[in-house]
Amino acid sequence: MINSLLQRKIEKRPDKVRLQGRILFLTEDPELIKRQLTGEDLPWDTKNPANNPKLRDDISTDEITPAHYCFYFDETLGEIPYLGLKCGNVTPIGRGAVKRGGFVCAVSGKRRGKGSSREQSPYAEMCAGIKVVIAENIERIYKQNCQNLGLLTSTSFSLIDRIRDGEEIALREFTDGEDEITRLVIEYGGLFPFNVARMQGKVFLPPIKYAGEGARATRAPTTGAMTLAEKIFARHMINEKGEVGVPSVKPGDTGFARADLRFSHEYVTPMAAIFFERYVGKDAKVNDPSTIIFFRDHLTFLDEVISEEKKKLGLLDLATQLKLKQQDFAKKQGIRLHGELTDRKGSEGICHSIVLESYALPGQLNIGSDSHTPHVGAIGCVAFGIGTTDVFNSWITKDVRVKVPESVKIVIRGKKHSNVTAKDFILKILSLDYVRSGKALAKVMEYAGEAIEALSVDERATMTNMAAEIGGFTGIVAPDRKAVDFLDERRGMDRKQAEAMIEGLYSDPGAQYAHVIELDAAEITPMVATPGDPGNGKYVRELNTPVPVEIAYGGTCTAGKNEDMDMYAAVLAGALKRGKRVADSVKFYIQFGSQETREYCLRKGYVDIFQKSGAHVIEPSCGACINAGPGVSTRPDQIVISAQNRNFPGRSGPGQMYLASPLTVAASAVAGYIVEYEPSEKRELVGA
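Predicted model, so just to flag it, every value in this text is computed and none were measured. (Residues numbered from 1 in each chain as written. Predicted model: local features only at pLDDT ≥ 70, side-chain atom pairs only at ≥ 80, totals over all residues. Heavy atoms only, no water.)

A. Highlighting unusual backbone geometry. Although it is not a glycine, D288 adopts a positive phi angle of roughly 55°. Position of D288 among the secondary structure elements: in the loop between α12 (269-279) and β9 (292-295). Take D288: its relative accessible area is 24%, and that puts it in the partly exposed class. (Helix = DSSP H or I, 4+ residues; strand = E, 2+ residues; numbered from the N terminus. Buried < 20%, exposed > 50% of the residue type's maximum accessible area, 1.4 Å probe, protein only.)

Right, dumping it as structure tokens:
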């Protein structure tokens, strides 16, 4: 494999670009979008921005490429971009409209590309003719996916007039302010050609400067203090000699980090495999298959909810092809695949659940093809989501491009109320102006304080998992006795070995943070995020009128863990004692995150409680969270309360979705409308 790549001809792209075509402004007004699609060019005043119509903020990758269309993994995606884009209650862009419109640039507002790490989104834009995207700020994974593919990005609205005038634009205008490696990735037209140039010795990794290098030192030599995440990055960064590990790092340091684990699921593996076979070779072998894991966890229940219209489009058949391609590639490469069950419907488990239960270790650096990869930060490892191109490149190099991020420390002090959970904490954090304005983008979320220390590893995983909704690089909690207990009791690891593993894994006194958020747990009561965005958080008691629910859903990687099941069981067992069940007006679905959690529920007698209460119990899968399993809405007026992580428009059907904790979801399923859970007696939650 390496020899063939060493002979490959690789050149930089021209140092000037001319972007000839139209500009698509993704506005809040659907009529303005429709007019552009029919050929009208929208006036845009770059000198007086206040005169312009409002651009859509918070465009998620779910809106750029709705989940069902991600079954395509070729140029057909060029017909798909923005099919899910919602402006008010209207989705103004139809299939093929962007491609037919001759657009070369797409412009939007804040936090473009939030949500899922799916690289199908920028790939769909590219295949539709888009060569540059402009936005006020851009989410980390989406931006890196664009760079990896060769799609240009900018936050400079001054480019609009120059693109319209057909001017030549210097490539450096898209690289200014970027680190040296990102600049080279852009100049080479993507990550793969850059990596080939790296192998050929045409480019070299810049040395990381650190304390103790005398005049070259960039960190104060008297302290050298690092955050927990920085310590882990330092252990994994590759130095200029190709060796793994450097004495220290600081925010802004760039390079490649050696990954301990690399994983992907059936949404991403097939596209990555095709890229690998196309660019590396049909018979090429991946680097160290023992540290690569595949999962079939997203689409095992798809056939139960996919519409007849989508079946006629062949999307169910395409989903089957995803499964088969992943199976074939795994077998050919000797890669472990956690797949479908053979005796019943469902999967072995959701990738994040299994990686936490069986693989991740404190101090590791893990990468995965899903934005919720930070889940395993609950036991003190740096884990982050990557896109398809990063995945297939990691199969070659075993490393991943990294710019060491700044850290934000989120301290939650005091003791929480017994009806408050980690999900309430994270919904509160998501509602803060610092997060909603995009200031936390691409930063590490380090959770600390007495209230965090009191959480179990399962509950901490809810916090680190939903660093993805913050737009953070990752989430992490310093591993402590509870992490050791988890490794001992859940993984069967030798206790002394686990204790040795967490040694030194804490932030140094004097470590620098971009920002510190401090909250008092006693001031936080049960939360919901109102429909449209996880950042729409408010206290349940602030809902002005009762909100009746038709569907309640408990599951996904975020809320399908052992302790989440403790919560559903506590609420439903209490209801049964009072002679109550799930309300007749509500369908309540409880879905396990893994087979280990299913077995836990059987041992504890929870499955019996769930069924006696009228809840529908489902085998593991991502399911409703990605519009691919029981629990999805089917009508725009349908109200859903869900313990999942996202409620972007259309993500889980056309209905109105409220996000809440497992306790609130279960209590609302029993009441028939959104309510706080009120424990019948003062007690600590199981495992909390």
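B. Fine view of empty space enclosed by the protein. Tallied over the entire structure, the rule returns five cavities of 30 Å³ or more. If you add up the space inside the largest cavity, you get close to 210 Å³. Every residue lining the largest cavity is counted, 23 residues in all, and those nearest its centre are S116, H298, D370, I626 and R651. The residue inventory of the lining of the largest cavity, partitioned by class, reads eight nonpolar, eleven polar and four charged. Considering only enclosed or pocket space, the second largest cavity measures out at about 100 Å³ in volume. The element contributing the most residues to the lining of the second largest cavity is helix α6 (residues 140-149), with three residues. Of the residues assigned to the lining of the second largest cavity, the class counts are five nonpolar, five polar and two charged. (1 Å grid on protein atoms, 1.4 Å probe; cavity = no way out; pocket = protein on both sides within 12 Å on 5 of 7 lines; lining within 4 Å. Points joined across faces, edges and corners; volume = space filled by probe spheres on them. Nonpolar A, V, L, I, M, F, W, Y, C, P; charged D, E, K, R; others polar.)

C. Spotlight on the sheet that holds strand β24 (residues 656-660). Here seven strands make up an open sheet; going across it, the order is β19-β18-β24-β23-β20-β21-β22 and the pairing mixed. Across the chains shown, the open sheet's two edge strands, defined by having one partner strand only, are β19 (537-539) and β22 (616-618). The mean angle between the axes of side-by-side strands here comes to 25°, regardless of whether they run parallel or antiparallel. One ladder, built from two bridges, connects strand β18 (residues 527-529) with β24; its direction is antiparallel. What sits directly across from A529, in β24, is L659. Sheet strands touched by helix α17 (residues 422-430): β18, β19, β23 (639-642) and β24. Its angle to β18, the strand with the most contacts, is close to 55°. The strands touched by helix α25 (residues 562-577) are β20 (551-554) and β21 (587-591); relative to β21, the strand with the most contacts, the crossing angle is about 145°. (Pairing = 2+ DSSP bridges. Axes fitted to C-alpha atoms, helices over the stretch in contact; angles between N-to-C directions. Contact = heavy atoms within 4.5 Å.)

D. Looking closely at the pairing of strand β3 (residues 103-107). Where burial is concerned, most of β3 is hidden: five out of the five residues are buried. Bridge analysis of strand β2 (residues 22-25) against β3 gives four bridges, and the strand direction is parallel. Note that in β3 the partner of I23 across the bridge is C105.

E. Quick look at the pairing of β9. Side chains I292 and F294 project from β9 onto one buried face, and the interleaved I293 and F295 project onto a second face that is buried too. The sheet contact formed by strand β8 (residues 261-265) and β9 spans four bridges and is parallel. Bridge pairing in β9 places S264 opposite F294. Once the chain exits β8 it traverses α12 before rejoining the sheet at β9, and the crossover so formed is right-handed. (Right-handed = clockwise from strand over helix to strand, strands pointing away.)

F. View of the packing of α6 against helix α16 (residues 388-397). It is at 8 Å that the axes of α6 and α16 come closest, and there the two elements cross at 65°. Facing α6, whose interface residues are Q144, N145, N148 and L149, α16 presents T388, T389 and D390. Taken together, the residues of the contact of α6 with α16 break down into one nonpolar, five polar and one charged.

G. Quick peek at the environment of G475. Considering the arrangement of structural elements, one finds G475 in strand β16 (residues 474-477). A relative accessible area of 0% means that G475 is categorised as buried. Linking G475 and F384, residues 91 residues apart in sequence, is a C-alpha distance of 8.5 Å. Sequence-distant contacts of G475, defined by excluding residues within four places in its chain, comprise P374, G377, M445, Y447, T464 and A467.

H. Examining the packing of aromatic side chains more closely. Applying the stated criterion to the full structure yields 20 aromatic pairs. Taking 5.9 Å as the distance between ring centres and 70° as the angle between the ring planes, the aromatic pair formed by F233 and F473 counts as edge-to-face. Of this pair, F233 sits in helix α11 (residues 228-236) while F473 is found in the loop between α21 (467-470) and β16, placing the two residues 240 residues apart along the sequence. Look at F233 and you get buried, because its relative accessible area is 0%. For the pair Y600 and Y606, a centre-to-centre distance of 6.0 Å together with 80° between the ring planes defines the contact as edge-to-face. Judged by its relative accessible area of 7%, Y606 is buried. Three or more aromatic residues link up through ring pairs in this structure, and these residues are Y123, F192, F275, Y279 and F392. For R140, the ring lying beneath its charged end belongs to F473, and the centroid distance is 4.3 Å. When the ring centre of F256 is taken as origin, the NZ or CZ atom of R198, which lies over that ring, is 3.9 Å away. (Phe/Tyr/Trp six-rings, centres within 6.5 Å; stacked < 30°, edge-to-face > 60°. Lys NZ or Arg CZ within 6 Å of the ring centre and 35° of its normal.)

I. Structural context of the environment of E446. With respect to the helices and strands, the residue E446 is situated in strand β15 (residues 444-448). Between the C-alpha atom of E446 and that of T474, which follows or precedes it by 28 residues, the distance is 8.5 Å. For E446, the residues in contact, after removing those within four places along its chain, are T227, L228, V408, K409, I410, I476, S507 and Y513. One polar contact links E446 to Y513, side chain to side chain, over a distance of 3.0 Å. (Polar contact = N/O pair within 3.5 Å; in protein donor to acceptor, adjacent residues only side chain to side chain.)

J. Layout of the sheet that holds β15. Strand order in the open sheet made by the four strands is β16-β15-β14-β17, with parallel pairing throughout. This sheet does not close on itself; its edge strands, each paired only once, are β16 and β17 (515-520). Strand after strand, the sheet turns through a mean of 20° between neighbouring axes, direction not considered. Judged from the six bridges that link them, strand β14 (residues 407-413) and β17 form a sheet pairing that is parallel. In the sheet register, I410 faces β17, and the bridge partner there is I517. The sheet strands contacting α11 are β14, β15 and β16, and the helix crosses β16 at an angle near 105°. Contacts from helix α20 (residues 457-465) reach β14, β15 and β16, with the element oriented near 150° to β16.

K. Just the nonpolar core, in detail. Among the nonpolar cores identified, the biggest contains 82 residues, and F233, F384 and W395 are the most heavily contacted of them. What F384 contacts, discounting residues up to four positions off in sequence, is R140, F233, L365, N366, I367, G368, T373, P374, V400, V402 and F473. (Core = buried A, V, L, I, M, F, W, Y, C linked by side-chain atoms within 4.5 Å.)

Don't take any of this as a statement about function, it's just geometry.
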